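# Per-entry structural report
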Amino acid sequence: FRKNKKCFMTTISDPKNSFKFTNKNFVLPKASSSLINTKRTRNYMNLRFDQSLFLDYADWEFAYRIMNSGGLIKQVDNIKLLHELGSSYKTIFGNYLNAPKPFRITFQIVNTFYLFHKYKYSLLTFILLIRLILLPFKILIFKDNLIRLKYYLYGIKLGFQGLNSYELMKKKIMNNKI
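Since this is a predicted model, take the numbers as computed values, not measurements.

### Looking at the pairing of strand β6 (residues 87-90)
The pairing of β6 with strand β7 (residues 96-99) spans four bridges and is antiparallel. Paired with serine 87 across the bridge in β7 is alanine 99. If you look at the hairpin formed by β6 and β7, you'll find five residues sitting between the two strands, and glycine 94 has a positive phi there, around 95 degrees.

Structure representation (structure tokens):
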């Protein structure tokens, strides 16, 4: 942070979250593997996490705003972070993969619709659209695919209704509807 006053976040390099098809490196880091200079983000850019996003994509949206404001996100290579996302679930092939709990799929979809509305035609929404289209195919490899598909479709329904994930969590719709 000291060497570059435009650096607002440092994150561990993850090839899955770095996109080099643009003129500049486009990084969508995980907040769990990032250091954020909060004083700089608040003073220079008045940036804060979007409170409408509960779980998934809040860190991506925050990073997107940093980069759109001319700020930098520095990636650090050669660091290994042991971090499990979700639990281990059996696939249709008999092996196990880590995946988020099925209810989080609803939050991901609701957040995707919220970000579509917020950013319309942007690189972030393009990436989220690709994820939205591919997610049902990924869901199919899990043994509990029907449950996961139910959460996916429920997220689409709520997304079209304009609900954001913070409202979803606050109203506890997850406990009442599914």
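### Quick word on the packing of aromatic side chains
For the coordinates displayed, the defined rule picks out seven aromatic pairs. Ring centres of phenylalanine 49 and phenylalanine 62 lie 4.3 Å apart, and the angle between their planes is 20 degrees; on these two criteria the pair is classed as stacked. Here phenylalanine 62 lies in helix α2 (residues 58-68) and phenylalanine 49 lies in the loop between α1 (38-44) and α2, a separation of 13 residues in the sequence. Between the aromatic rings of tyrosine 64 and tyrosine 119, the centroid separation amounts to 5.0 Å while the plane-to-plane angle is 75 degrees, which identifies the pairing as edge-to-face. Of the two residues, tyrosine 64 sits in helix α2 while tyrosine 119 sits in helix α3 (residues 103-119), which places them 55 residues apart along the sequence. Comparing tyrosine 64 with tyrosine 119 shows no difference in burial state: the two are buried. Following the ring pairs from residue to residue traces out a cluster consisting of Phe54, Phe103 and Phe107. The ring of phenylalanine 142 carries the charged tip of arginine 148 above its face, separated from the ring centre by 4.6 Å.

### Notes on the side chain of asparagine 111
Relative to the assigned elements, asparagine 111 resides in helix α3. The contact partners of asparagine 111, leaving out residues within four places of it in the chain, are Ser52, Leu53, Phe54, Leu55, Asp56, Tyr57 and Ser165.

### Some details on the sheet that holds strand β1 (residues 7-12)
The three strands are arranged β4-β1-β5 in an open sheet whose pairing can be described as mixed. Looking at which strands have only one partner, the edges of the open sheet turn out to be β4 (34-36) and β5 (72-76). Direction aside, neighbouring strands of the sheet carry axes that sit 20 degrees apart on average. Taken together, the three bridges between β1 and β4 define a ladder with antiparallel strand orientation. Following the sheet pairing, methionine 9 is matched in β4 by isoleucine 36. Contacts from α2 reach β1, β4 and β5 within the one sheet, and its direction differs from that of β5 by about 120 degrees.

### Brief notes about the packing of α2 against helix α4 (residues 123-139)
Look at α2 against α4: their axes get within 10 Å of each other, and the N-to-C directions meet at 155 degrees. Between α2 and α4, the crossing angle belongs to the class labelled roughly antiparallel. Where α2 approaches α4, its residues Trp60, Glu61 and Tyr64 are matched on the opposing element by Leu123, Leu124, Ile127, Leu128 and Arg131. Residues that form the contact of α2 with α4 fall into these classes: six nonpolar, no polar and two charged.

The rules behind each value
Residues numbered from 1 in each chain as written. Predicted model: local features only at pLDDT ≥ 70, side-chain atom pairs only at ≥ 80, totals over all residues. Heavy atoms only, no water. Pairing = 2+ DSSP bridges. Helix = DSSP H or I, 4+ residues; strand = E, 2+ residues; numbered from the N terminus. Phe/Tyr/Trp six-rings, centres within 6.5 Å; stacked < 30°, edge-to-face > 60°. Buried < 20%, exposed > 50% of the residue type's maximum accessible area, 1.4 Å probe, protein only. Lys NZ or Arg CZ within 6 Å of the ring centre and 35° of its normal. Contact = heavy atoms within 4.5 Å. Axes fitted to C-alpha atoms, helices over the stretch in contact; angles between N-to-C directions. Parallel < 35°, antiparallel > 145°, perpendicular 65-115°, else oblique. Nonpolar A, V, L, I, M, F, W, Y, C, P; charged D, E, K, R; others polar.

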